[in-house]
Amino acid sequence: MSNIHNIDISLQDIVKKISKDVYLIPKFQRDFVWTSKDIIDLGDSIIRGYPISSLLIMPENGNLKIGYHGLLKDESSLNIVNSEEDSETKYYVLDGQQRMTSISKLFLSLDIRNEYYYDLLSILMERFPEDKIENDSGLNSSKAKINQEALCRSFNRGQDKSDKPTRDNNRFISGKSIIENKFGSVVSKFLRNLKDIDEDKFDKYMDYLNGILGAVSGYSVPATVISGDSELGVVIRVFEKVNSTGKKLTLFDLINAKSFQVQLEVYKGGLSTFLNNKIDDKISSNTNLKIGLQDFFKYNEDSEVYEKLDRIIRIFEIAHLLEQNSIPNLVQSNMLKRNAEFWFEMWNKKSHVLFNIIQWIEEENLLDIGQITFLEYAIAIFLANPQSFENARFKREVKKYALYLTISNTNFSKSNLDTVEKLYDISKRVVNEHEFKKYDFDALFSTPNLTPSKVLEITTTKAEFRAVLNILYDEKPKGKFDRDILGNKVLKVNPSKFDNHHIYPKTRVSDFSNKSPYNSIANIVLVDSKQNREEIKDKTPSDYFKFIENLEGGRDFSEANLIDLNEALKVSSNDDALMFITSRANKIAEMINFFFKN
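I will try to describe carefully the structure that is included in this document. All values derive from a computational prediction rather than experimental measurement.

**A closer look at the overall build of the chain**
Okay, so step 1: On a plain count of helices and strands, the chain comes out with 25 helices and 14 strands.
Okay, so step 2: In terms of overall dimensions, the chain is more spread out than a globule: its C-alpha atoms have a radius of gyration of 33 Å, far above the 25 Å expected for 598 residues.
Okay, so step 3: Here the C-alpha coordinates of the chain stretch approximately 100 × 60 × 40 Å along the principal axes.
Okay, so step 4: Counting all 598 residues of the chain, 51% fall into the buried class.
Okay, so step 5: For the chain, contacts bridging at least 24 residues in sequence account for 75% of all contacts bridging at least 6.
Okay, so step 6: When the accessible surface of the chain is split by element, carbon and sulfur atoms take 45% of a total near 28600 Å².
Okay, so step 7: Here the chain holds 81 positive side-chain charges and 87 negative ones, and the gap between their average locations is 3 Å.

Given below as structure tokens:
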């Protein structure tokens, strides 16, 4: 294949190029994630002469123009040579970032936390086990334990960040000293510390160690070089073949890589950086959107990036197809064919409405019920027909369908295109038809026919639990659930204000063989968090029900939560409690089915 050729690069040449910042990491690559143990394992393979996986590189001065950062972007406090006068060709590292970065830490000491060394004693012990070198009296002062399984070791830099060529009386020599061929005197000094060897063994050990350490510079690393005139499609195909054992690039990674080819300066940082910055800017200007946007796009506080930006490209693609009256089928090859500007232009046209929709999703607690695929399609429908988002009845239809999917355990997938098209048609009807025809359509859902036994299986960890809680306390069927059991007004399920309170606490159930009902939605009510701590505290159910009975309106508050206070006050045993919970499960099932019928 004319687009690629295979070469071998010496370790010394790689280290020199790293020191000159020749190797560049495309921004679509994931961050360095190897642990110290991974780095040690690589160092061990190199000193033993074991082969390592091939690198995949491509000249930076070719057709492919993408955003990148230097190999060592996280080690800015350490020195690295950057010769601006050096005209040496720079290379994108398309595969091999983990190995390349590890080599820099092993042989250039470019690690802010650790330094990496080779254990001369362990090297000798492995080759000459019969000599029992570890028993030499000259080693009595050595503090480090012997580990023959790993000839490479790491030591914490501590507060003194300066490089140390050797440690432990020259027993350990840094990878940096080895690659710079400064090991001869270190080996000699180490061997002079051994008191129980004669000159013959000294010479034998000297020759062996010098041979082993001298071979490191010439260690051969295989590399596949992609021609600089290759197009992105070729790069992607080669990458996927070479990287078949690693984590494959996602569709968003590939689109992000292509996005660096745009000409406008404002977009040249790439799609991922652009979207991250735009979302952050929106949150800065409107803090009310923070929770919704960070939840929807999965903000990672450690890396300070949004991990689910891929949702945006799927939503935009579906919206575009709907606007074109095309089947809203997500086809990766078609999405990759779109020019890089397409995604930026869609953001500029759709982001204002997108922010409002996500805020609505957050307010309605829809992210909690586990229907993200459907929500992506629903958002796309709103974007394709923005006026439908202004229609309260249509938004309620969307929400009810999302709740129905969860309550009925129905899996919505990308193959449900007929449902998407029906919902899009409804969105156009509620906008374009005359008033008396607007709502003349069949609902996408039916009654889930929820049974009491099923309610008793809906425990607090399940998405159905959050869906039922949403219906009861957000939608308030039959006017119920407008207050908690202490009379506090409930507008929406709000975990920061209300606790999920077990009516009959699990800790007070002596026979816990059948725990599911006690942890089910039938045994849960909302209670104001502050009052839960101050008023209910550790009261037994009989005590706090008496407390509620004495509140003005207490019986009404209980009734609003489907609790018959008279029956609750009669509960005196586990069997009574289970009967009470079962009875309430029946009422909840009726309430949920009523909600979907109306």
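**Examining the sheet that holds strand E9 (residues 172–174)**
Backbone-to-backbone hydrogen bonds join strands into a sheet, with any given pair of strands oriented parallel or antiparallel.
Okay, so step 1: Across the sheet, four strands lie side by side as E7-E6-E9-E8; this open sheet has antiparallel pairing. Only two strands of the sheet have a single neighbouring strand rather than two, namely strand E7 (152–156) and strand E8 (166–167).
Okay, so step 2: In this structure, E8 lies alongside E9, joined through two bridges in antiparallel fashion. Within E9, the position partnered with Thr166 by the bridge is Ile173.
Okay, so step 3: Relative to strand E6 (residues 114–119), helix H4 (residues 120–127) is tilted by about 30 degrees, and along the sheet it contacts E6 and E9.

**Section: empty space enclosed by the protein**
Okay, so step 1: Going through the model one piece at a time under the given rule, you end up with three cavities of 30 Å³ or more.
Okay, so step 2: In this structure, the largest cavity spans a volume of roughly 50 Å³.
Okay, so step 3: Along the lines of polarity and charge, the residues of the lining of the largest cavity split into two nonpolar, five polar and two charged.

**Concerning unusual backbone geometry**
Okay, so step 1: The residue Lys132 is not glycine, and still its phi comes out positive at about 50 degrees.
Okay, so step 2: By secondary structure assignment, the location of Lys132 is in the loop between H4 and E7.
Okay, so step 3: Relative accessible area serves as the criterion here: at 48%, Lys132 is assigned to the partly exposed category.

**Comments concerning the packing of aromatic side chains**
Okay, so step 1: Enumeration according to the criterion identifies 31 aromatic pairs in this entry.
Okay, so step 2: For the ring pair Phe128 and Tyr205, a centre distance of 5.3 Å and an interplane angle of 45 degrees mean the geometry is tilted. With Phe128 in the loop between H4 and E7 and Tyr205 in helix H7 (residues 199–217), this pair connects stretches of sequence that are 77 residues apart.
Okay, so step 3: Look at Tyr473 and Phe481: their rings are 4.9 Å apart centre to centre, the planes differ by 75 degrees, and that puts the pair in the edge-to-face class.
Okay, so step 4: Owing to a relative accessible area of 0%, Tyr473 belongs among the buried residues under this scheme.

**Some points on helix H22 (residues 541–549)**
Okay, so step 1: Buried within H22 are the following residues: Pro541, Tyr544, Phe545 and Ile548. The arc that holds the buried residues of H22, viewed along the axis, is 105 degrees, so those residues lie on one side.
Okay, so step 2: Buried residues in H22 make contact with strand E13 (498–502), helix H21 (529–536), helix H23 (554–560) and helix H24 (565–570).

**Considering helix H15 (residues 372–384)**
Okay, so step 1: Counted at 1.5 Å a residue, the expected span for H15 with its 13 residues is 18 Å, and the 18 Å between its end C-alpha atoms agrees.
Okay, so step 2: H15 sits mainly inside the fold: eleven of its 13 residues count as buried.
Okay, so step 3: Every buried residue belonging to H15 is among Phe374, Leu375, Glu376, Tyr377, Ala378, Ile379, Ala380, Ile381, Phe382, Leu383 and Ala384, and all of these are buried.
Okay, so step 4: Structurally, H15 contributes buried residues whose contacts are with helix H11 (290–296), helix H12 (310–323), helix H14 (341–363), helix H16 (392–407) and helix H17 (417–432).

**What about the side chain of Thr459?**
Okay, so step 1: Tracing the backbone shows Thr459 in the loop between helix H19 (452–455) and helix H20 (463–475).
Okay, so step 2: Filtering out sequence-adjacent residues up to four positions away, Thr459 remains in contact with Phe465, Ser516, Asn519 and Ser520.

**Here's the deal with the environment of Leu64**
Okay, so step 1: Tracing the chain through its elements places Leu64 in the loop between strand E3 (55–59) and strand E4 (68–70).
Okay, so step 2: The exposure class of Leu64 is buried, given its relative accessible area of 1%.
Okay, so step 3: For the pair Leu64 and Pro26, spaced 38 residues apart in sequence, the C-alpha separation works out to 11 Å.

Conventions and cut-offs
Residues numbered from 1 in each chain as written. Predicted model: local features only at pLDDT ≥ 70, side-chain atom pairs only at ≥ 80, totals over all residues. Heavy atoms only, no water. Helix = DSSP H or I, 4+ residues; strand = E, 2+ residues; numbered from the N terminus. Rg over C-alpha atoms; globule rule 2.2 N^0.38 Å. Buried < 20%, exposed > 50% of the residue type's maximum accessible area, 1.4 Å probe, protein only. Contact = heavy atoms within 4.5 Å. Areas by Shrake-Rupley, 256 points an atom, 1.4 Å probe, with all protein chains shown as cover. Lys, Arg positive; Asp, Glu negative; His and termini not counted. Charge placed at Lys NZ, Arg CZ, Asp CG, Glu CD. Pairing = 2+ DSSP bridges. Axes fitted to C-alpha atoms, helices over the stretch in contact; angles between N-to-C directions. 1 Å grid on protein atoms, 1.4 Å probe; cavity = no way out; pocket = protein on both sides within 12 Å on 5 of 7 lines; lining within 4 Å. Points joined across faces, edges and corners; volume = space filled by probe spheres on them. Nonpolar A, V, L, I, M, F, W, Y, C, P; charged D, E, K, R; others polar. Phe/Tyr/Trp six-rings, centres within 6.5 Å; stacked < 30°, edge-to-face > 60°. Arc of directions from axis to C-beta. Expected span 1.5 Å × (residues − 1).

By themselves, these are just geometric observations and shouldn't be taken as functional.
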